[in-house]
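Residue-level listing of the chains:
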Amino acid sequence: MPKPPSRQAPPARLSDADLLPVDESVHIWPGHHVEVGRSRVHIRTTPTDNPDAEPALFVHGLGGSAHNWTDLAGVLRHHLAVEAIDLPGHGRSAPAPGKKYSLDAHAEVVIAYLEQSGRGAVHLGSNSLGGAVAVRVAARRTDLVRTLTLISPAVPDNRIRAFPLRSDPRTVVLGVPGLGELALRYMNSKYSPEQRVAGTIALCFADPSRYPKARRNEAVEELRARLKMPWADRAFLRSMRGLAVAQFLKARVGWATLRKIEAPTLVVWGDKDRLVAPDLAPYVAAAIPDSRLLVLENVGHTAMMEVPDVTARALLALLEDTAKIRS
(Lines give C-alpha, C1' and ligand atoms only; values in the text may rest on other atoms or scores of the structure.)
Protein backbone atom coordinates (compact mmCIF):
# COMPACT_ATOMS: atom_id res chain seq x y z
CA MET A 1 0.00 0.00 0.00
CA PRO A 2 1.31 3.49 -0.81
CA LYS A 3 1.73 6.11 1.90
CA PRO A 4 -1.19 8.51 2.43
CA PRO A 5 -1.24 11.56 0.14
CA SER A 6 1.24 14.29 1.07
CA ARG A 7 -1.64 16.68 1.66
CA GLN A 8 -5.41 16.65 1.49
CA ALA A 9 -6.61 18.78 -1.40
CA PRO A 10 -9.71 20.83 -0.64
CA PRO A 11 -12.97 19.56 -2.08
CA ALA A 12 -14.15 21.23 -5.25
CA ARG A 13 -17.38 23.15 -5.07
CA LEU A 14 -20.10 23.45 -7.71
CA SER A 15 -21.06 26.81 -9.19
CA ASP A 16 -24.67 27.95 -9.12
CA ALA A 17 -24.24 29.94 -12.35
CA ASP A 18 -26.86 29.60 -15.05
CA LEU A 19 -26.09 26.83 -17.50
CA LEU A 20 -27.64 25.94 -20.81
CA PRO A 21 -29.29 22.50 -20.79
CA VAL A 22 -27.79 19.61 -22.69
CA ASP A 23 -29.20 19.94 -26.20
CA GLU A 24 -29.37 16.63 -28.01
CA SER A 25 -30.57 18.37 -31.17
CA VAL A 26 -27.12 19.90 -31.57
CA HIS A 27 -24.98 17.98 -34.02
CA ILE A 28 -21.22 17.90 -33.57
CA TRP A 29 -19.82 21.44 -33.36
CA PRO A 30 -18.28 22.72 -36.60
CA GLY A 31 -14.66 21.93 -37.29
CA HIS A 32 -11.77 23.00 -39.47
CA HIS A 33 -8.21 21.92 -40.13
CA VAL A 34 -5.16 23.91 -39.07
CA GLU A 35 -1.54 23.46 -40.13
CA VAL A 36 0.55 23.36 -36.96
CA GLY A 37 4.17 23.00 -37.93
CA ARG A 38 4.33 19.72 -39.82
CA SER A 39 1.05 18.52 -38.29
CA ARG A 40 -2.43 18.99 -39.71
CA VAL A 41 -4.87 19.01 -36.83
CA HIS A 42 -8.63 19.27 -36.66
CA ILE A 43 -10.26 21.79 -34.31
CA ARG A 44 -13.93 21.99 -33.37
CA THR A 45 -15.25 25.37 -32.25
CA THR A 46 -18.33 25.86 -30.10
CA PRO A 47 -19.94 29.21 -30.94
CA THR A 48 -20.57 31.65 -28.11
CA ASP A 49 -22.59 34.85 -28.01
CA ASN A 50 -20.61 36.16 -25.03
CA PRO A 51 -17.99 38.68 -26.21
CA ASP A 52 -16.25 38.40 -22.84
CA ALA A 53 -16.00 34.62 -22.89
CA GLU A 54 -12.48 33.49 -22.03
CA PRO A 55 -10.79 30.95 -24.30
CA ALA A 56 -10.73 27.25 -23.48
CA LEU A 57 -9.14 24.25 -25.17
CA PHE A 58 -10.25 20.67 -24.47
CA VAL A 59 -8.07 17.60 -25.12
CA HIS A 60 -9.62 14.13 -25.48
CA GLY A 61 -8.41 10.71 -24.40
CA LEU A 62 -6.95 7.67 -26.15
CA GLY A 63 -8.98 6.73 -29.21
CA GLY A 64 -11.30 9.66 -28.60
CA SER A 65 -11.83 12.93 -30.39
CA ALA A 66 -13.19 16.45 -30.04
CA HIS A 67 -16.65 14.84 -30.28
CA ASN A 68 -16.22 13.73 -26.66
CA TRP A 69 -16.63 17.35 -25.54
CA THR A 70 -19.81 18.19 -27.45
CA ASP A 71 -22.18 18.39 -24.49
CA LEU A 72 -19.80 19.94 -21.96
CA ALA A 73 -18.86 22.62 -24.49
CA GLY A 74 -22.54 23.14 -25.21
CA VAL A 75 -23.62 23.83 -21.63
CA LEU A 76 -20.60 26.12 -21.14
CA ARG A 77 -20.88 28.09 -24.38
CA HIS A 78 -22.27 31.24 -22.73
CA HIS A 79 -19.31 31.25 -20.32
CA LEU A 80 -16.33 30.06 -22.38
CA ALA A 81 -15.13 30.24 -25.97
CA VAL A 82 -14.44 26.53 -26.33
CA GLU A 83 -12.26 24.81 -28.87
CA ALA A 84 -11.58 21.08 -28.84
CA ILE A 85 -8.59 19.56 -30.59
CA ASP A 86 -8.22 16.18 -32.28
CA LEU A 87 -4.75 14.97 -31.36
CA PRO A 88 -2.59 13.80 -34.30
CA GLY A 89 -3.94 10.58 -35.77
CA HIS A 90 -7.20 10.91 -33.81
CA GLY A 91 -10.61 12.14 -34.87
CA ARG A 92 -10.28 14.04 -38.15
CA SER A 93 -6.63 15.02 -37.68
CA ALA A 94 -3.93 13.77 -40.02
CA PRO A 95 -1.37 11.21 -38.81
CA ALA A 96 1.57 12.45 -36.79
CA PRO A 97 4.65 13.38 -38.83
CA GLY A 98 7.36 10.81 -38.33
CA LYS A 99 4.85 8.51 -36.65
CA LYS A 100 5.54 10.25 -33.32
CA TYR A 101 2.76 9.49 -30.84
CA SER A 102 4.48 9.81 -27.47
CA LEU A 103 2.93 11.97 -24.77
CA ASP A 104 5.69 14.51 -25.31
CA ALA A 105 4.99 14.61 -29.06
CA HIS A 106 1.27 15.18 -28.47
CA ALA A 107 2.08 17.90 -25.90
CA GLU A 108 4.37 19.65 -28.40
CA VAL A 109 1.52 19.83 -30.92
CA VAL A 110 -0.90 21.27 -28.34
CA ILE A 111 1.67 23.85 -27.29
CA ALA A 112 2.37 24.80 -30.90
CA TYR A 113 -1.34 25.20 -31.57
CA LEU A 114 -1.84 27.39 -28.51
CA GLU A 115 1.10 29.55 -29.54
CA GLN A 116 -0.18 30.17 -33.06
CA SER A 117 -3.89 30.44 -32.25
CA GLY A 118 -3.45 33.96 -30.93
CA ARG A 119 -6.05 33.42 -28.18
CA GLY A 120 -3.61 33.83 -25.30
CA ALA A 121 -3.64 31.64 -22.22
CA VAL A 122 -6.56 29.20 -22.09
CA HIS A 123 -8.58 27.21 -19.63
CA LEU A 124 -7.20 23.79 -20.48
CA GLY A 125 -9.58 20.85 -20.04
CA SER A 126 -8.59 17.23 -20.51
CA ASN A 127 -9.51 13.59 -20.06
CA SER A 128 -7.50 10.37 -19.75
CA LEU A 129 -4.55 10.38 -22.19
CA GLY A 130 -5.44 14.01 -22.87
CA GLY A 131 -4.92 14.61 -19.15
CA ALA A 132 -1.40 13.23 -19.35
CA VAL A 133 -0.78 15.52 -22.32
CA ALA A 134 -2.31 18.54 -20.56
CA VAL A 135 -0.15 17.95 -17.47
CA ARG A 136 2.94 18.28 -19.65
CA VAL A 137 1.60 21.40 -21.35
CA ALA A 138 0.72 23.09 -18.06
CA ALA A 139 4.04 22.21 -16.41
CA ARG A 140 6.17 23.37 -19.35
CA ARG A 141 4.27 26.45 -20.48
CA THR A 142 2.70 28.19 -17.53
CA ASP A 143 2.13 31.23 -19.75
CA LEU A 144 -0.34 29.30 -21.91
CA VAL A 145 -2.62 27.90 -19.19
CA ARG A 146 -5.03 29.98 -17.05
CA THR A 147 -6.56 26.98 -15.29
CA LEU A 148 -6.27 23.23 -15.70
CA THR A 149 -9.04 20.65 -15.47
CA LEU A 150 -8.03 16.98 -15.30
CA ILE A 151 -10.82 14.43 -15.71
CA SER A 152 -9.56 10.95 -14.84
CA PRO A 153 -6.06 11.76 -16.14
CA ALA A 154 -3.92 8.82 -17.24
CA VAL A 155 -1.22 9.08 -14.58
CA PRO A 156 1.28 6.40 -13.51
CA ASP A 157 -0.04 4.02 -10.88
CA ASN A 158 1.44 4.21 -7.40
CA ARG A 159 0.99 0.58 -6.45
CA ILE A 160 1.24 -2.90 -7.89
CA ARG A 161 -2.21 -4.23 -8.66
CA ALA A 162 -3.45 -7.72 -9.47
CA PHE A 163 -3.89 -6.51 -13.04
CA PRO A 164 -2.91 -3.02 -14.22
CA LEU A 165 -5.73 -2.69 -16.73
CA ARG A 166 -8.79 -3.09 -14.55
CA SER A 167 -11.30 -3.27 -17.37
CA ASP A 168 -10.28 -6.21 -19.55
CA PRO A 169 -7.01 -8.22 -19.41
CA ARG A 170 -7.25 -8.77 -23.16
CA THR A 171 -6.47 -5.08 -23.61
CA VAL A 172 -2.82 -5.78 -22.80
CA VAL A 173 -2.53 -7.59 -26.14
CA LEU A 174 -2.98 -4.27 -27.92
CA GLY A 175 0.24 -3.02 -26.38
CA VAL A 176 2.35 -5.76 -27.92
CA PRO A 177 3.82 -4.81 -31.33
CA GLY A 178 2.49 -7.14 -34.00
CA LEU A 179 -0.17 -8.69 -31.79
CA GLY A 180 -1.89 -5.34 -31.32
CA GLU A 181 -2.24 -4.82 -35.05
CA LEU A 182 -3.67 -8.32 -35.49
CA ALA A 183 -6.07 -7.82 -32.58
CA LEU A 184 -7.42 -4.57 -34.00
CA ARG A 185 -7.91 -6.09 -37.44
CA TYR A 186 -9.82 -8.93 -35.80
CA MET A 187 -12.01 -6.47 -33.87
CA ASN A 188 -12.70 -4.47 -37.01
CA SER A 189 -13.85 -7.58 -38.85
CA LYS A 190 -15.80 -9.21 -36.01
CA TYR A 191 -17.65 -6.27 -34.47
CA SER A 192 -19.80 -3.67 -36.19
CA PRO A 193 -19.25 0.03 -35.48
CA GLU A 194 -22.47 -0.01 -33.45
CA GLN A 195 -21.15 -2.87 -31.30
CA ARG A 196 -17.78 -1.21 -30.79
CA VAL A 197 -19.30 2.10 -29.75
CA ALA A 198 -21.65 0.30 -27.36
CA GLY A 199 -18.68 -1.55 -25.87
CA THR A 200 -16.71 1.65 -25.42
CA ILE A 201 -19.59 3.38 -23.67
CA ALA A 202 -20.14 0.38 -21.42
CA LEU A 203 -16.47 0.58 -20.48
CA CYS A 204 -16.30 4.35 -19.95
CA PHE A 205 -19.70 5.03 -18.34
CA ALA A 206 -21.00 3.83 -15.00
CA ASP A 207 -24.48 4.13 -16.47
CA PRO A 208 -24.51 3.78 -20.29
CA SER A 209 -28.15 4.93 -20.41
CA ARG A 210 -26.86 8.45 -19.74
CA TYR A 211 -25.30 8.59 -23.20
CA PRO A 212 -27.75 10.41 -25.49
CA LYS A 213 -28.91 8.49 -28.53
CA ALA A 214 -27.89 11.37 -30.80
CA ARG A 215 -24.31 11.24 -29.47
CA ARG A 216 -24.21 7.48 -29.87
CA ASN A 217 -25.26 7.79 -33.51
CA GLU A 218 -22.61 10.48 -34.08
CA ALA A 219 -19.96 8.26 -32.50
CA VAL A 220 -20.91 5.43 -34.85
CA GLU A 221 -20.71 7.81 -37.80
CA GLU A 222 -17.28 8.99 -36.68
CA LEU A 223 -16.02 5.43 -36.23
CA ARG A 224 -17.17 4.53 -39.74
CA ALA A 225 -15.13 7.47 -41.03
CA ARG A 226 -12.12 6.38 -38.94
CA LEU A 227 -12.21 2.88 -40.37
CA LYS A 228 -11.52 4.40 -43.79
CA MET A 229 -8.36 6.15 -42.55
CA PRO A 230 -5.33 3.90 -43.13
CA TRP A 231 -3.41 5.48 -40.24
CA ALA A 232 -6.14 5.20 -37.60
CA ASP A 233 -5.13 1.88 -36.04
CA ARG A 234 -1.45 2.79 -36.05
CA ALA A 235 -2.13 6.11 -34.35
CA PHE A 236 -4.22 4.43 -31.66
CA LEU A 237 -1.69 1.69 -30.95
CA ARG A 238 1.35 3.96 -30.96
CA SER A 239 -0.39 6.46 -28.69
CA MET A 240 -1.31 3.61 -26.38
CA ARG A 241 2.28 2.38 -26.30
CA GLY A 242 3.56 5.91 -25.74
CA LEU A 243 1.23 6.16 -22.76
CA ALA A 244 2.43 2.79 -21.45
CA VAL A 245 6.06 3.91 -21.62
CA ALA A 246 5.23 7.02 -19.60
CA GLN A 247 3.25 5.06 -17.02
CA PHE A 248 5.51 2.07 -16.49
CA LEU A 249 9.02 3.23 -17.43
CA LYS A 250 8.88 6.92 -16.55
CA ALA A 251 6.52 6.92 -13.60
CA ARG A 252 8.70 9.13 -11.39
CA VAL A 253 8.92 11.72 -14.14
CA GLY A 254 5.12 11.73 -14.41
CA TRP A 255 4.58 12.42 -10.72
CA ALA A 256 7.36 15.03 -10.66
CA THR A 257 5.68 16.81 -13.57
CA LEU A 258 2.44 17.12 -11.60
CA ARG A 259 4.30 18.99 -8.87
CA LYS A 260 5.53 21.58 -11.41
CA ILE A 261 2.02 22.74 -12.34
CA GLU A 262 1.34 26.32 -11.26
CA ALA A 263 -2.15 26.83 -12.70
CA PRO A 264 -5.20 26.51 -10.43
CA THR A 265 -6.34 22.96 -11.08
CA LEU A 266 -9.54 20.95 -10.81
CA VAL A 267 -9.20 17.17 -10.53
CA VAL A 268 -12.38 15.23 -11.35
CA TRP A 269 -12.75 11.47 -10.99
CA GLY A 270 -15.64 9.04 -11.22
CA ASP A 271 -15.71 6.49 -8.44
CA LYS A 272 -16.70 3.79 -10.97
CA ASP A 273 -13.78 4.50 -13.33
CA ARG A 274 -12.70 1.17 -14.82
CA LEU A 275 -9.71 2.52 -16.73
CA VAL A 276 -7.77 4.69 -14.25
CA ALA A 277 -8.09 3.68 -10.61
CA PRO A 278 -10.24 6.15 -8.61
CA ASP A 279 -8.02 5.73 -5.56
CA LEU A 280 -5.36 7.69 -7.45
CA ALA A 281 -7.52 10.82 -7.30
CA PRO A 282 -6.35 12.16 -3.90
CA TYR A 283 -2.71 11.50 -4.81
CA VAL A 284 -2.98 13.43 -8.08
CA ALA A 285 -4.73 16.32 -6.33
CA ALA A 286 -2.14 16.28 -3.54
CA ALA A 287 0.76 16.44 -5.99
CA ILE A 288 -0.53 19.61 -7.71
CA PRO A 289 0.11 22.64 -5.48
CA ASP A 290 -3.07 24.63 -6.22
CA SER A 291 -5.72 21.96 -6.71
CA ARG A 292 -9.16 20.96 -5.61
CA LEU A 293 -10.76 17.52 -5.93
CA LEU A 294 -14.18 16.29 -6.99
CA VAL A 295 -14.97 12.57 -6.82
CA LEU A 296 -18.33 11.80 -8.40
CA GLU A 297 -20.49 8.91 -7.21
CA ASN A 298 -21.69 6.40 -9.80
CA VAL A 299 -19.71 8.01 -12.62
CA GLY A 300 -17.15 6.36 -14.85
CA HIS A 301 -14.08 7.40 -16.81
CA THR A 302 -15.55 10.23 -18.90
CA ALA A 303 -17.40 12.53 -16.51
CA MET A 304 -17.64 15.30 -19.12
CA MET A 305 -19.78 12.97 -21.25
CA GLU A 306 -21.71 11.14 -18.53
CA VAL A 307 -22.54 14.14 -16.32
CA PRO A 308 -21.67 17.25 -18.37
CA ASP A 309 -23.77 19.58 -16.22
CA VAL A 310 -22.06 18.61 -12.95
CA THR A 311 -18.64 18.73 -14.60
CA ALA A 312 -19.44 22.17 -15.99
CA ARG A 313 -20.46 23.50 -12.57
CA ALA A 314 -17.20 22.28 -11.04
CA LEU A 315 -15.19 23.88 -13.84
CA LEU A 316 -17.05 27.18 -13.52
CA ALA A 317 -16.47 27.19 -9.76
CA LEU A 318 -12.74 26.87 -10.46
CA LEU A 319 -12.93 29.88 -12.77
CA GLU A 320 -14.95 31.89 -10.25
CA ASP A 321 -12.55 31.14 -7.40
CA THR A 322 -9.56 31.97 -9.55
CA ALA A 323 -11.10 35.27 -10.64
CA LYS A 324 -11.69 36.26 -7.00
CA ILE A 325 -8.04 35.60 -6.12
CA ARG A 326 -6.81 37.66 -9.07
CA SER A 327 -9.15 40.59 -8.43
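Throughout what follows, the structure given in this document is the object of discussion. Only a predicted model underlies this, so the values are computations on that prediction, with no experimental measurement involved.

1. Concerning the sheet that holds strand β4 (residues 80-86)
If you walk across this open sheet you meet the eight strands as β1-β2-β4-β3-β5-β6-β7-β8, and the pairing is mixed. Whereas interior strands pair on both sides, the edge strands pair on one side only; in this sheet they are β1 (31-36) and β8 (291-296). With direction set aside, neighbouring strand axes in the sheet form an average angle of 20°. The pairing of β1 with strand β2 (residues 39-45) spans six bridges and is antiparallel. Across the sheet, residue H32 finds its bridge partner in β2, namely I43. Relative to β1, helix α2 (residues 103-117) is tilted by about 100°, and along the sheet it contacts β1, β2, β3 (54-59), β4 and β5 (122-128). The strands that helix α3 (residues 129-140) touches are β3, β5 and β6 (145-153); relative to β5, the one it contacts most, it runs at about 145°.

2. A look at helix α11 (residues 308-326)
Taking 1.5 Å per residue as the helical rise, α11 with its 19 residues ought to reach 27 Å, and the 27 Å between its terminal C-alpha atoms agrees with that figure. Among all positions of α11, only P308, T311, A312, A314, L315, L316, A317, L318, L319 and T322 are buried.

3. Let's talk about the pattern of salt bridges
Tallied over the entire structure, the rule returns 14 salt bridges. Among the ionic pairs, D71 bridges to R215, the shortest N-O distance being 2.9 Å. Placement of D71 in helix α1 (residues 70-76) and of R215 in helix α6 (residues 213-227) is noted, with a sequence separation of 144 residues between them. Grouping residues by exposure puts D71 and R215 together as buried.

4. Some thoughts on the packing of aromatic side chains
For the structure shown, the criterion picks out two aromatic pairs. Note on F58 and W69: the rings are 4.8 Å apart at their centroids and 40° apart in plane angle, and the pair reads as tilted. Residue F58 is located in strand β3, and its partner W69 is located in the loop between β3 and α1; the two are separated by 11 residues in the primary sequence. Assessed through its relative accessible area of 1%, F58 is described here as buried. Residue W69 is classed as buried on the basis of its relative accessible area, which comes to 1%. A ring pair is formed by F205 and Y211, whose centres lie 5.3 Å apart and whose planes are at 70°; its orientation type is edge-to-face. Overall, the relative accessible area of 3% leaves F205 in the buried class. Owing to a relative accessible area of 7%, Y211 belongs among the buried residues under this scheme. Over the ring of Y191 we find K190; its NZ or CZ atom is 5.7 Å from the centre of that ring.

5. What to know about the packing of helix α5 (residues 193-204) against α6
Contact geometry of α5 with α6 gives a least axis separation of 9 Å together with a crossing angle of 120°. Put simply, α5 runs oblique to α6. For the pair α5 and α6, the crossing hand works out as right-handed. Between α5, through P193, E194, R196, V197, A198 and I201, and α6, the contact on the second element is made entirely by R216, A219, V220, L223, R224 and L227. Taken together, the residues that form the contact of α5 with α6 break down as eight nonpolar, no polar and four charged.

Rules used in this analysis
Residues numbered from 1 in each chain as written. Predicted model: local features only at pLDDT ≥ 70, side-chain atom pairs only at ≥ 80, totals over all residues. Heavy atoms only, no water. Pairing = 2+ DSSP bridges. Helix = DSSP H or I, 4+ residues; strand = E, 2+ residues; numbered from the N terminus. Axes fitted to C-alpha atoms, helices over the stretch in contact; angles between N-to-C directions. Contact = heavy atoms within 4.5 Å. Expected span 1.5 Å × (residues − 1). Buried < 20%, exposed > 50% of the residue type's maximum accessible area, 1.4 Å probe, protein only. Salt bridge = Lys/Arg side-chain N within 4 Å of Asp/Glu carboxyl O. Phe/Tyr/Trp six-rings, centres within 6.5 Å; stacked < 30°, edge-to-face > 60°. Lys NZ or Arg CZ within 6 Å of the ring centre and 35° of its normal. Parallel < 35°, antiparallel > 145°, perpendicular 65-115°, else oblique. Left-handed = near helix turned anticlockwise from the far one by under 90°. Nonpolar A, V, L, I, M, F, W, Y, C, P; charged D, E, K, R; others polar.

By themselves, these figures tell us nothing about what the structure is for.
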